[in-house]
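Spelled out from the first residue to the last, the chains are:
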Amino acid sequence: MRLYYEPPKKDCLYERIANLMEDDIVSGAFPNQKLPSEQALAERYAASRTVIREALKILGERHLVTTLVGSGAYITKPSAYDLSVVVNRLINAYGINYLDAFDVRIVLETAAAGKAAQNATEEELDELERALEGLCDPALPIEERVQRDFGFHLLIAKLSHNDMLAILTEAVSNILSDIISVGIVSSCNDEDRIRDINHYRIVEALRSRDPMMAQNAMGYHLYSAKLIYNEYIERAAARQSEQATE
């Protein structure tokens, strides 16, 4: 059974079959990664092979099935990137401010930090600390620093040992890469801010095994990053205003 609400609509036969197949895939009705043949699926759902092919196309668009010519259809799992695409469409469709989206990141990652303080092993925390090496190395291109920062935060979400938190954190962070880039450039060029939002403080809080301390460290870090980005936006707007009056 699908867990999301869909308003009633008059859909065509292959859409109804696609929905039934999705329910069966999610419920584990197909134990193997490979789906049965088109003929077997046609018999299962009392539909023609043409309808089954169209239904498989829909499931492909939902990133639930991959069809290989000459081999058949295989069950796949949607990735965090797929979710990012959907979330980004919602942001654009509803005109949501990216700073508001950043607040969602704060909620997710503070929760993840609290869980990681409870669930991460010492070996995992050692790996997390190694992930910080060279994060603010000015010799590295900005793209590399962004990836290292992203990897650090995603690793914390994974150390929560909560798959849902990890997937949502990655999806939201994917669409906030520009904000992350600005925060890294600004903070890495400002020694005071490096001390204020230092990632090592987060690691220390995680090692304390105190969920509240870990949440506070992560929350302070991310609110500081949001402030940096907001200041960047204000400076950019001021420059545009000055140029317009010249």
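Residues numbered from 1 in each chain as written. Predicted model: local features only at pLDDT ≥ 70, side-chain atom pairs only at ≥ 80, totals over all residues. Heavy atoms only, no water.

Q: I tried to follow the overall build of the protein chain on my own but got confused; where do I start?
A: Helices and strands together make up the secondary structure of the protein chain, namely 12 helices and two strands. Its helices and strands taken in sequence order, the protein chain reads α-α-α-β-β-α-α-α-α-α-α-α-α-α from the N to the C terminus. Looking at the protein chain as a whole, 38% of its 246 residues are labelled buried. Here the protein chain displays about 14400 Å² of accessible surface, and carbon together with sulfur accounts for 53% of that area. (Helix = DSSP H or I, 4+ residues; strand = E, 2+ residues; numbered from the N terminus. Buried < 20%, exposed > 50% of the residue type's maximum accessible area, 1.4 Å probe, protein only. Areas by Shrake-Rupley, 256 points an atom, 1.4 Å probe, with all protein chains shown as cover.)

Q: Sorry if this is basic, but what is going on with the environment of valine 26 here?
A: Assignment of secondary structure puts valine 26 in helix 1 (residues 13-27). Between the C-alpha atom of valine 26 and that of isoleucine 75, which follows or precedes it by 49 residues, the distance is 9.9 Å.

Q: Got a minute to help me understand the packing of helix 5 (residues 98-119) against helix 8 (residues 163-174) in this structure?
A: A pair of packed helices can be characterised by two numbers: the angle between their axes and the separation between those axes. Close contact between helix 5 and helix 8 brings their axes to 10 Å; oriented N to C, the two are set at 150°. Classified by the angle between their axes, helix 5 and helix 8 sit roughly antiparallel to one another. The element helix 5 and its partner helix 8 pack so that their crossing is left-handed. Between helix 5, through Ala101, Val104, Arg105, Leu108, Glu109, Ala111, Ala112 and Lys115, and helix 8, the contact on the second element is made entirely by Leu165, Leu168, Thr169, Val172 and Ser173. Counted by class, the contact of helix 5 with helix 8 contains eight nonpolar, two polar and three charged residues. (Axes fitted to C-alpha atoms, helices over the stretch in contact; angles between N-to-C directions. Parallel < 35°, antiparallel > 145°, perpendicular 65-115°, else oblique. Left-handed = near helix turned anticlockwise from the far one by under 90°. Contact = heavy atoms within 4.5 Å. Nonpolar A, V, L, I, M, F, W, Y, C, P; charged D, E, K, R; others polar.)

Q: Help me understand the pattern of salt bridges, please; the structure alone is not making it clear to me.
A: Between side chains of opposite charge, a pair can form as their charged atoms come close. In total, this model carries 12 salt bridges according to the counting rule given. Of the charged contacts, one joins glutamate 38 and arginine 53 as a salt bridge, the two residues approaching to 2.9 Å between their closest N and O atoms. Of this pair, glutamate 38 sits in helix 2 (residues 38-45) while arginine 53 sits in helix 3 (residues 49-61); the two residues are 15 residues apart in sequence, bridging distant segments of the chain. Judged by its relative accessible area of 36%, arginine 53 is partly exposed. Arginine 209 is the salt-bridge partner of glutamate 122, the closest N and O atoms lying 3.0 Å from each other. Of this pair, glutamate 122 sits in helix 6 (residues 122-130) while arginine 209 sits in the loop between helix 11 (199-207) and helix 12 (211-245), and the two are 87 residues apart along the sequence. Judged by its relative accessible area of 30%, arginine 209 falls in the partly exposed class. Here the salt bridges do not stand alone but share partners, grouping Glu122, Asp126, Glu129, Arg207 and Arg209 into one network. (Salt bridge = Lys/Arg side-chain N within 4 Å of Asp/Glu carboxyl O.)

Q: Quick question: what am I supposed to make of the pairing of strand 2 (residues 72-75) here?
A: One face of the sheet, then the other: side chains in a regular strand alternate in exactly this way. Alignment of strand 1 (residues 65-68) against strand 2, held across four bridges, turns out to be antiparallel. Residue pairing across strands places threonine 67 opposite alanine 73, the latter belonging to strand 2. Hairpin connection of strand 1 to strand 2: three residues between the antiparallel strands, including glycine 70 at a positive phi of 80°. (Pairing = 2+ DSSP bridges.)

Q: Explanation requested: the confidence of the model for the protein chain in the structure shown.
A: Interpretation of this model should avoid reading the predicted coordinates in detail wherever pLDDT is low. Looking at the protein chain as a whole, the pLDDT averages 85, with 87% of positions reaching at least 70. Here helix 10 (residues 191-196) stands out as the element of the protein chain with the lowest mean pLDDT, 47, in contrast to helix 2, whose mean of 96 is the highest. (pLDDT = per-residue confidence, 0-100.)

Q: What am I meant to see in the environment of isoleucine 52 here?
A: Mapped onto the fold, isoleucine 52 is located in helix 3. Considering only alpha carbons, one finds isoleucine 52 and leucine 41, 11 residues apart in sequence, at a separation of 7.0 Å. In contact with isoleucine 52, other than residues within four places in its own chain, are Ile17, Glu38, Leu41, Ala42, Tyr45 and Ala47.

Q: How should I be thinking about helix 3 in this particular structure?
A: Counting along an α-helix, one turn takes 3.6 residues, and residues three or four places apart therefore face a common direction. With 13 residues, helix 3 should cover 18 Å at 1.5 Å per step; its first-to-last C-alpha distance of 19 Å lies within 8% of that length. Of the surrounding elements, those touching the buried residues of helix 3 are helix 1, helix 2, strand 1 and strand 2. Directly after helix 3, the chain includes histidine 63, whose backbone phi takes a positive value near 60°. (Expected span 1.5 Å × (residues − 1).)

Q: I tried to follow the nonpolar core on my own but got confused; where do I start?
A: Across soluble globular proteins, you tend to see nonpolar side chains buried next to one another. If you look at the biggest cluster of nonpolar residues, it comprises 33 residues, and the most contacted ones within it are Leu128, Phe152, Ile156, Leu159, Ile202 and Leu206. Secondary structure elements with two or more residues in this core: helix 5, helix 6, helix 7 (142-159), helix 8, helix 11 and helix 12. Sort the elements by how many residues they give to this core and helix 5 lands first, with eight residues. (Core = buried A, V, L, I, M, F, W, Y, C linked by side-chain atoms within 4.5 Å.)

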